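# What the coordinates show
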Amino acid sequence: MSLVIVGTLAFDTIQTPWERRRRIVGGSGTYCSLAASFFTSPKVVGVVGKDFPAAVLKLFKARGIDIEGLEVRSGKSFHWEGRYGYDPNQRETIRTDINVYEAFRPQLPASYREAEIVFLANVDPDLQDDILAQVRKPKLVAMDTMNHWIRSKPKAVWRVLDRVDVLFANDEEIRMLTHEANLIKAGKKILAAGPHLVVTKKGEHGALVFGRRFVFGVLAHPCEDVVDPTGAGDSFAGGFLGYLDKVQRFAHPDIRRAAVYGSVMASFAIEDFGIERLKTLRPAEVESRFRRFRRLVSF
Ligand code: AMP
């Protein structure tokens, strides 16, 4: 099969209670493609400025990530600055510099248009809409979003939501989207709009996969040292969709396994700043943690 991911390739400035890192490589598309590359060869769509490190594009290629849909433009790369509290689930956006993404309306390469799975990672909902209009007949479309877009373009977010099969969002985003405090009621509102599945990411507590007649909970890997929570959600989506792309099936047992692989990939991403841990990660470590997850929940 083939998985197309549209998202940001970015610089992040991260403040945790213990450390601050300036302009390290991040972005929803970056985390998601790297995580998915452990299962399949994703095709990424995005734009970077001339300031983006060539070494990262080289890493993408080495990981089998197709970068034909990636543009390098003059101008600055997307930049996001965020701060975490002692509770790693508490995140505050300090600034978002859209930069080269401002006028980014890509024409998808021909091979991308045949994608069977499309992931509209966290990016401007108008861009998500644009990409969706260019793919021929995907079997599964998933999307993510963030408070920034829900606040600034709520109608556009709902328009995309109407056309996707799976929504990935954290509990705060789901409440913000639906104006509903109870997550089950909120999930039902979203399912009524179109998606078949809502994946509610609950940070260090795992995720709840919620469908019309399906519910599956997955824990997060117990981690003593959460260094940088950034990218956990995107890595979850990358593991989830990368696994589905690999097995080419979307039945309930596959969705359950995909959710566990999602949680496994997220658990690695947070062990170091930015993409550092995903860079050194080996496939055998992914499998070994998958087996540990099974032991964690079997009784
Ligand atoms: P996550 O921690 O998985 O929710 O995603 C964090 C990533 O999203 C960071 O690496 C940021 O560069 C990226 N990001 C932050 N804000 C936005 C935004 N408004 N649109 C697209 N990507 C963003």
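Structure: see above.
One structure accompanies this document, and this report is about it. These figures come from a predicted structure and were not determined experimentally.

## A few points about the packing of helix H1 (residues 28-36) against helix H9 (residues 232-247)
For the pair H1 and H9, interaxial distance at closest approach is 7 Å and the crossing angle is 40°. With respect to H9, the axis of H1 lies oblique. The handedness of the crossing between H1 and H9 is right-handed. Residues Ser-28, Tyr-31, Cys-32, Ala-35 and Ala-36 of H1 form the contact with H9, whose participating residues are Asp-234, Ser-235, Ala-237, Gly-238, Gly-239 and Gly-242. Looking at the contact of H1 with H9 residue by residue, the classes come out as five nonpolar, five polar and one charged.

## A few points about the site of the ligand
Contacts to the ligand come from 20 residues, most closely from Asp-12, Gly-27, Arg-91, Gly-231 and Asp-234. Here Asp-12 contributes a side-chain N or O atom positioned 2.5 Å from an oxygen atom of the ligand. Contact distances for the ligand include 2.9 Å between a nitrogen atom and a side-chain N or O atom of Trp-149. Compared with its free state, where it exposes 510 Å², the ligand has 96% of that area covered by protein. When residues of the shell around the ligand are traced back to their parent elements, those giving at least two are strand E2 (10-15), H1, strand E6 (78-84), helix H5 (147-152) and H9. Looking at the shell around the ligand element by element, the count peaks at three residues for H9.

## Things to note about the pairing of strand E1 (residues 3-6)
Burial along E1 is two-sided: the residues Leu-3 and Ile-5 and Val-4 and Val-6 are all buried. Pairing geometry for E1 and strand E8 (residues 117-120), over four bridges, is parallel. Paired with Val-4 across the bridge in E8 is Val-118. Inspection of the sheet shows E1 paired to strand E4 (residues 43-49) by three bridges, in the parallel sense. Within the sheet, the bridge partner assigned to Val-4 lies in E4 and is Lys-43.

Definitions and cut-offs
Residues numbered from 1 in each chain as written. Predicted model: local features only at pLDDT ≥ 70, side-chain atom pairs only at ≥ 80, totals over all residues. Heavy atoms only, no water. Axes fitted to C-alpha atoms, helices over the stretch in contact; angles between N-to-C directions. Helix = DSSP H or I, 4+ residues; strand = E, 2+ residues; numbered from the N terminus. Parallel < 35°, antiparallel > 145°, perpendicular 65-115°, else oblique. Left-handed = near helix turned anticlockwise from the far one by under 90°. Contact = heavy atoms within 4.5 Å. Nonpolar A, V, L, I, M, F, W, Y, C, P; charged D, E, K, R; others polar. Near = heavy atom within 4 Å. Polar contact = N/O pair within 3.5 Å; in protein donor to acceptor, adjacent residues only side chain to side chain. Areas by Shrake-Rupley, 256 points an atom, 1.4 Å probe, with all protein chains shown as cover. Buried < 20%, exposed > 50% of the residue type's maximum accessible area, 1.4 Å probe, protein only. Pairing = 2+ DSSP bridges.

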